[in-house]
Amino acid sequence: MIEVGTVLLHEDVVKENFVCNLNKCKGACCLEGDSGAPLDANELDILNEIYPKVKPFMTAKGIATVEREGTYVQDFEGDYTTPCVDKNKECAYVIFENGITKCAIEKAYEHGVTDWKKPISCHLYPIRITKYPEFDVLNYDRWSICSPACTFGNELKVRVYEFLKAPLIRKYGEEWYAELEDFVDGM
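Residues numbered from 1 in each chain as written. Predicted model: local features only at pLDDT ≥ 70, side-chain atom pairs only at ≥ 80, totals over all residues. Heavy atoms only, no water.

A. Representation of the overall build of the protein. Tallying secondary structure elements over the protein gives 10 helices and eight strands in all. Taken over C-alpha atoms, the radius of gyration comes to 17 Å for the protein, in line with the 16 Å a tight globule of 187 residues would show. Its C-alpha atoms give the protein principal-axis dimensions of about 50 × 35 × 35 Å. Considering the protein as a whole, with its 187 residues, one finds that 42% of them fall into the buried category. A separation of at least 24 residues holds for 65% of the contacts in the protein among residues at least 6 apart in sequence. For the protein, the computed accessible surface area is about 10,100 Å², with 49% contributed by carbon and sulfur atoms. Computing the positive centroid from 21 side-chain charges and the negative centroid from 32, the protein places the two 8 Å apart. (Helix = DSSP H or I, 4+ residues; strand = E, 2+ residues; numbered from the N terminus. Rg over C-alpha atoms; globule rule 2.2 N^0.38 Å. Buried < 20%, exposed > 50% of the residue type's maximum accessible area, 1.4 Å probe, protein only. Contact = heavy atoms within 4.5 Å. Areas by Shrake-Rupley, 256 points an atom, 1.4 Å probe, with all protein chains shown as cover. Lys, Arg positive; Asp, Glu negative; His and termini not counted. Charge placed at Lys NZ, Arg CZ, Asp CG, Glu CD.)

Following this line, the structure appears as structure tokens:
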């Protein structure tokens with residue numbers, strides 16, 4: 001494990017290569033799994049607040065799910081997540097463009113109707129955060145549907161933390177990211 005401030009990172013985050021390749025995977029990470037995207041406690045009110053602005057970008061099934069279940073739900077472990085259509089299918093905020101899964105929240109952001117891009121867990125994927133009272137642990141979540149991203153990352157020689165620079169800065173700040181880069185440069 002690598003320690004940067006109050007964050008521990010699995011070595012794979014700085015050693016493995018990864019670049020999303022939506023043309024290959026079609027955004028399958030938003031469609032598959034056993035629950036929605038993990039949410040931080042501070043994101044719950046944000047989802048409630050921005051839902052009216054995001055709703056015009058959503059699918060009818062997504063809207064019906066949110067109207068029935070709410071802008072977020074608790075999963076089987078008691079954690080807050082985005083709701084899923086038909087309980088365990090795609091995230092309720094999923095939209096489809098040219099056969100590729102996209103996010104209605106991010107689409108609203110791109111159109112300037114909200115200043116919140118999307119849940120940090122989505123922005124940081126394939127990094128997953130495990131929270132402890134004193135620190136966070138960042139792990140690289142390996143999933144077969146992301147094998148095209150691993151191949152693409154290897155071709156471009158871009159490591160996980162480099163690909164996720166913007167969301168890591170969003171979560172932990174520029175100073176923290178600079179400290180991470182200094183650590184990696186010294187390895």
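B. Structural context of the sheet that holds strand E2 (residues 7-9). Pairing is mixed across the open sheet formed by four strands, whose spatial order is E1-E2-E8-E7. What marks the edges here is a single partner per strand, and that holds for strand E1 (2-4) and strand E7 (127-131). Averaged over all pairs of adjacent strands, the angle between strand axes in this sheet comes to 25 degrees, irrespective of strand direction. Summarising the sheet, E1 and E2 pair through three bridges and their orientation is antiparallel. Within E2, the residue paired with Ile-2 across the bridge is Leu-9. Where helix H10 (residues 174-185) meets the sheet, its contacts fall on E1, E2 and strand E8 (136-140), and the angle it forms with E1 comes to roughly 145 degrees. (Pairing = 2+ DSSP bridges. Axes fitted to C-alpha atoms, helices over the stretch in contact; angles between N-to-C directions.)

C. Expanded view of the nonpolar core. Counting residues in each nonpolar core, the largest one holds 26 residues, and the members touching the most others are Leu-9, Ile-127, Leu-138, Tyr-161, Leu-168, Trp-176 and Leu-180. Secondary structure elements with two or more residues in this core: E1, E2, helix H1 (12-15), helix H6 (120-124), E8, helix H8 (160-163), helix H9 (165-172) and H10. For this core, the element with the most residues is H10, which contributes four residues. Leu-39, Ala-92, Ala-104 and Ile-105 belong to the second-largest nonpolar core, a separate cluster that totals 19 residues. (Core = buried A, V, L, I, M, F, W, Y, C linked by side-chain atoms within 4.5 Å.)

D. Examining the confidence of the model for the protein more closely. Looking at the protein, pLDDT values average 92 and 100% of them are 70 or higher. Between the elements of the protein, mean pLDDT differs from a low of 82, seen in helix H2 (residues 22-25), to a high of 97, seen in helix H3 (residues 41-54). (pLDDT = per-residue confidence, 0-100.)

E. Structural context of the packing of aromatic side chains. What the rule picks out here adds up to seven aromatic pairs. Geometrically, the ring pair formed by Phe-18 and Tyr-140 is edge-to-face, given 6.2 Å between the ring centres and 80 degrees between the ring planes. A residue pair is termed long-range when its members are at least 10 positions apart, and Phe-18 in the loop between H1 and H2 and Tyr-140 in strand E8 qualify at 122 residues. Residue Phe-18 is classed as buried on the basis of its relative accessible area, which comes to 1%. Aromatic pair Tyr-161 and Tyr-177: ring centres 6.1 Å apart, planes at 40 degrees, arrangement tilted. Of this pair, Tyr-161 sits in helix H8 while Tyr-177 sits in helix H10, and the two are 16 residues apart along the sequence. With respect to burial, Tyr-161 and Tyr-177 carry one shared label: buried. (Phe/Tyr/Trp six-rings, centres within 6.5 Å; stacked < 30°, edge-to-face > 60°.)

F. Molecular detail of a negative patch on the surface. A contiguous patch of negative charge, built from Glu-175, Glu-179, Asp-182 and Asp-185, is present on the exposed surface. For Asp-182, the position within the fold is in helix H10. (Patch = residues over 30% accessible without salt bridge, like charges linked within 9 Å, V, L, I, M, F, W, Y side chains within 5 Å. Salt bridge = Lys/Arg side-chain N within 4 Å of Asp/Glu carboxyl O.)

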